[in-house]
Each structure stands twice: as structure tokens, then as C-alpha cells.
Protein chains: 2
Amino acid sequence: MMKLNAIENELLKNIADLHNIPSGAVNIRKNGEGIIRHSSANIEVRPKTDKPGIDVIIAPGTKNEAVHIPVLITLSGLVDVVYNTIIVGEGADVTVIAGCGIHNPGSKKSQHDGIHEIIIKKGAKMRYIEKHYGEGSGERILNPQTIVTMEENSIAEMELVQIKGVSSTIRDTKAQLAEGASLIITERLLTHQDQQAVSNMTIELNGKNSNTKVVSRSVARDNSSQIFHPIVIARADSKGHVECDSIIMDHGKISSTPAITAEHPDAQLTHEAAIGKIAEEQLLKLMTLGLSEEEAEDIILRGFLE
Amino acid sequence: MMKLNAIENELLKNIADLHNIPSGAVNIRKNGEGIIRHSSANIEVRPKTDKPGIDVIIAPGTKNEAVHIPVLITLSGLVDVVYNTIIVGEGADVTVIAGCGIHNPGSKKSQHDGIHEIIIKKGAKMRYIEKHYGEGSGERILNPQTIVTMEENSIAEMELVQIKGVSSTIRDTKAQLAEGASLIITERLLTHQDQQAVSNMTIELNGKNSNTKVVSRSVARDNSSQIFHPIVIARADSKGHVECDSIIMDHGKISSTPAITAEHPDAQLTHEAAIGKIAEEQLLKLMTLGLSEEEAEDIILRGFLE
């Protein structure tokens, strides 16, 4: 089996909590090419024939399995665009671990645009975790597009995390929910230095009793800036809640522009947003316990982003 | 003194709670012309010389005075555009009652576009009430633009109300706040039938310790639709809160798209929005007391919009 070097292993640990190459279904893409690929009995992983990327076909009824599809970039000046399709079969219950880590050793920009189309069939449940991480001297750009189609009574829990080190990101997440479908999205973003992040989300509640909850937590430090634009449209007797909590520090800027639209008389939509600095009392309390201001800030931010 | 007929008196009562022509400073505009105009010792009301409209100059230190500047339209097919400038002198404490009532007896559209520029000088306080009302067979359009400049430590409380009967409205409210300025906006909108309402607000917190609170309450009935787009931008150590509560009934549609932007690390901004139907429990409770469903709805809506 192909082995990864120390930098690659470190990236993999950061974005997918992997210390080894997992035994189940997996696809590891490195510098624009699939380098490790396995299917399992229930989860088929196969390369697309018309464009870069893979199809992940999860058989109906598959339970308690996971598929890992991380992307690693370790070259400077590489722009990698990939199209992945994930189909979660009827009644399945699985975990998909995506994510991208860039180690950019040079001075040119390295970029990964991952376009994920996810179809969750009737009554299926998917947990989806996507972590982004960057390091190195060159610019690191990550533009994920995630398009989710949820059939009747399907469930999705998505955790979208930008750990750190991403120079610029435009995140696009779209979901359409049929009757009884339920979608929970948790997004957590940290930006430093001059980094910029934009997160657009459009969730359409098309079916009766569909529901969604979006929780976004973000921290903008130094001169970084972030823009959030979550949209929830309710076209049926459905429920949606959007919550954006942001901490700004140093000269960070955050703009939160949610939109909730009710097009059905029985729709219920709510939204909450707050932008502010770290609570002084919390800081002082930790500092009286002997921590430096920086240590205290770190602990509070870690708690906030967990 | 000029007398008003029954229809005009009724409009005046609806939009300005006036049963008589008030004794103080006043300007009543009817069908595109100022028909009644008085100044008081402290409040000068004078026609503009370059365009339609008036200047209202409130002397510094004026206390507990009111100025009424309502607009009446009773013709079908009239489009009236008016530019009013209101200057509230340093340390004054006054009430400005604007508003527009349209009785459209014909089949052509009648429209009033009121562009109000308001300057509130240092330490002054203004209460501003603007009510809109329409009736009659022809289309009734009201497009108010209100641009408020608030100097150091000034205070404004603005009540913007669309009572009913307005076929279409685009409301534009802009405010800039200097150090220590405080702005409270309460907006209440009711739409019926095929009526459409758009409310845009942009509030810029430019000065230290400036603060704003925007409370919007709205009800969309029948096939009416409403769009809210309040924006608060904080450029200083300042506070802002936006709250949008909406009730949809029948086939009403409401879209709420607030934006809060923090460009200063000590800014604190929050937003809450909720769109839903009348709470069933409330309805049932009133109905068990012997009210019909319609009566119960009326009482709940009146309470919500008060």
C-alpha cells in the first residue's frame, strides 16, 4: 500500500482525525490525483469517467459505515478542481468524512475547489464532516460547493469547519428538502491575518414537515474578514432556524446577512445573530486563575468553536 | 381659515390623530399643494423655493412643541413628489407628526413620494411619527424616503406605521449616527389583498457610544407580500439591535433579510427575526371565551401591531 510522508500524515490528522489510512471505503486525493482508493462491500468508490472526481455509491440499508474522502495538496501553484457525487441509498445510516488540507511550501497560490453533489435517498441518514486547513508560505484557497438533495424523511447532519490557515474561501452550500427531511448544519470558521471568508447557504424547505437548523460560529482575528449569507426559504408547512454567533478581535470584520422567506402560511422561520467581542468577565475570571490574557482568550475561543 | 371636508377630516384623523387643525406649527399638503401653513414662535415652516416641499426649522432649545406636516390625496391619477427638510436645533425636544392618507375615488393610481431629510443637532431629541393609510377604488402608492443625520448625543424615536389600504410601498430609511447618538425605530406594517411592501433601512453607527434599536412588526394577509431589509453597520464602539417579528396569514409571504456588519472590534450587534402564523393556543383561548375565529384573530393582530 502507498505510504504517506510526515507532512501528508499531519495534514490528514488535522482534517480527518486519521492516524492511519482507514480500512473501510476510502479515497485519498493528493495534488490532483487519487492515490489511494478502496471500496467496501456496501460502499463503492469509483472514479468519474467524464471529469476529475469520484462517485461514492452507498448501498441501501448500509448501517454504521464510514467513507473517508480527504484531499491533500502539498505543492505550490496547483489549482485542483474536483467533482464528487455521493449517493446515500434508501434507509442507509453512514458517515462521510471529507475535508482538505493544503501545505503550500512555495510562493504561488494553491487552490482546491471541491464540488460535492450529495443525494440522500428516502429515510437515509448521513453524517458529513468537512474540515479545512492550510499552512505554509504561499496563498491557500479553498472553495467548496456542496449541493444536497434530500428525499422524503432523510436526515443529514453536516459539520463544516475551517480550522485555520485558509487565506481565502468562498463556501457555497445548497440544500433542497422533501417531505419530512431534516437538515442540521453546524459551521465553524476561524480567520487570521488578512484572510477572507464568505459563506453562502441556501436551504429550500420544499416538503411538508421538513426542517432545518443552521448554527454558525465564527471568529475573525487580526485584519481578517468574514461574510455570512444564509438563506432559508419555506415553501411548505415546515420549520427553519438560523443562528449566527461571531466574535471579532483585533481589526477583524464580520458581516451577517441572513434571509428568511416564508412562502407558506404554516411555515415557521426564526433567525438570531450576534456579533461582538469576547466577554470581558470571562476573560477576567480566567486571568484571576493565573492565566495570561492570551491563554485565557485561547481557551474561550476554543470553547466557542467546539 | 380653510376648512376640510368630511373625507379629508377622516384621513387626517387616521394618519395624524387630528380632529381639528392644530394650533401650533403645521403644514397640510393636499393634492400636491400646501393648503394650510403656520409657523410658531420656535418652529418656522416655510415653502422651499427650488422644489416642491417645505423647510421646518426648529429653534435651538425648543421644548415640548409639536409640528404636524400631514399629506392628503383625494384625487385619482395624481403623482405627488415632495421634499421636506426638518432641522431640529441644538438641545430642542420636539415631536414631528408626518404621514400620508390617500383616498382614491377613481381607477387611476395615486402616488405620494415623500422625501424627508432630517437633521438632528447636538443634544436634541425628536419624536417622529409617520402613519400611512389608503382607501378607495384606485391603486394607492406610498414611497417614503427618510434620511436622518444625527449629531453628537442626539436622540430620535421614530414610529413608522402603515395602517392599511396601501397597494404598494417602497420604504427607504437611512440614518447616520455621530458619537453618543441614539436611534429607536419602530416599524409596523399591515398588508392585505395583493398589496406589496418593501422596507429598506440602513443605519450607520459612526460615532463612539452611538446605539440603535430597530423593532419591526408586520402582518401579511391574503395574497400580500412584504420584504424587509434592515442593515446596521457599526464603525465605532457602538451597539445595535434589530428585531423583526412577522405574522403570515392566508397566502401572505414575508421575507426578512437583515444585515449586521461589525467593522469595529468593540461593536456589538444582534439580530432576531421570526416569521410564523398566529399561535393556535392564543386563538383557541380567545375562542373558548366566546369570540369567533375572526374576532379572535383581530384582537391578536391588533395587540401584535400596537
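Residues numbered from 1 in each chain as written. Chains lettered and ligands numbered in written order. Predicted model: local features only at pLDDT ≥ 70, side-chain atom pairs only at ≥ 80, totals over all residues. Heavy atoms only, no water.

Quoted verbatim from the Sequence similarities (unreviewed entry) heading of the UniProt record, the comment on chain A is "Belongs to the iron-sulfur cluster assembly SufBD family." (UniProt positions renumbered as here; feature names shortened; annotations may be inferred.)

Draft legend 1. Fine view of the side chain of A:Ser110. All names here are of chain A. Relative to the assigned elements, Ser110 resides in strand β10 (residues 110–120). Among the polar contacts made by the side chain of Ser110, one reaches the main-chain amide nitrogen of Gly77 at a distance of 3.2 Å. Contact partners of Ser110, with chain neighbours within four places excluded, come to Ile73, Leu75, Ser76, Gly77, Leu78, Ile102, Asn104, Glu139, Arg140 and Ile141. (Helix = DSSP H or I, 4+ residues; strand = E, 2+ residues; numbered from the N terminus. Polar contact = N/O pair within 3.5 Å; in protein donor to acceptor, adjacent residues only side chain to side chain. Contact = heavy atoms within 4.5 Å.)

Draft legend 2. Quick peek at the packing of aromatic side chains. Across all of its chains, the model carries zero aromatic pairs over all chains by this definition. Lying across the ring of A:Tyr83, A:Lys51 places its NZ or CZ 4.6 Å from the centre. (Phe/Tyr/Trp six-rings, centres within 6.5 Å; stacked < 30°, edge-to-face > 60°. Lys NZ or Arg CZ within 6 Å of the ring centre and 35° of its normal.)

Draft legend 3. Looking closely at the pairing of strand β16 (residues 182–191) of chain B. Residue and element names in this part refer to chain B. Among the 10 residues that make up β16, eight are buried, leaving the element largely enclosed by the rest of the structure. Taken together, the eight bridges between strand β14 (residues 155–164) and β16 define a ladder with parallel strand orientation. By the bridge assignment, Glu159 is partnered in β16 with Thr186. (Buried < 20%, exposed > 50% of the residue type's maximum accessible area, 1.4 Å probe, protein only. Pairing = 2+ DSSP bridges.)

Draft legend 4. Molecular detail of the pattern of salt bridges. What the rule picks out here adds up to 36 salt bridges over all chains. Across the pair B:Arg171 and B:Glu187 runs a salt bridge, and its minimum N-O distance is 3.0 Å. In this pair, B:Arg171 sits in strand β15 (residues 168–177) while B:Glu187 sits in strand β16, placing the two residues 16 residues apart along the sequence. Among the residues examined, B:Glu187 registers a relative accessible area of 1% and is labelled buried. One salt bridge connects B:Glu297 with B:Arg221, and the closest N-O pair in it is separated by 3.2 Å. Of this pair, B:Glu297 sits in helix α3 (residues 293–305) while B:Arg221 sits in the loop between β18 (211–220) and β19 (225–234), and the two are 76 residues apart along the sequence. By relative accessible area, B:Glu297 is classed as buried at 14%. Each of A:Glu44, A:Arg46, A:Lys48 and A:Asp55 takes part in salt bridges that share partners, so that together they form one network. (Salt bridge = Lys/Arg side-chain N within 4 Å of Asp/Glu carboxyl O.)

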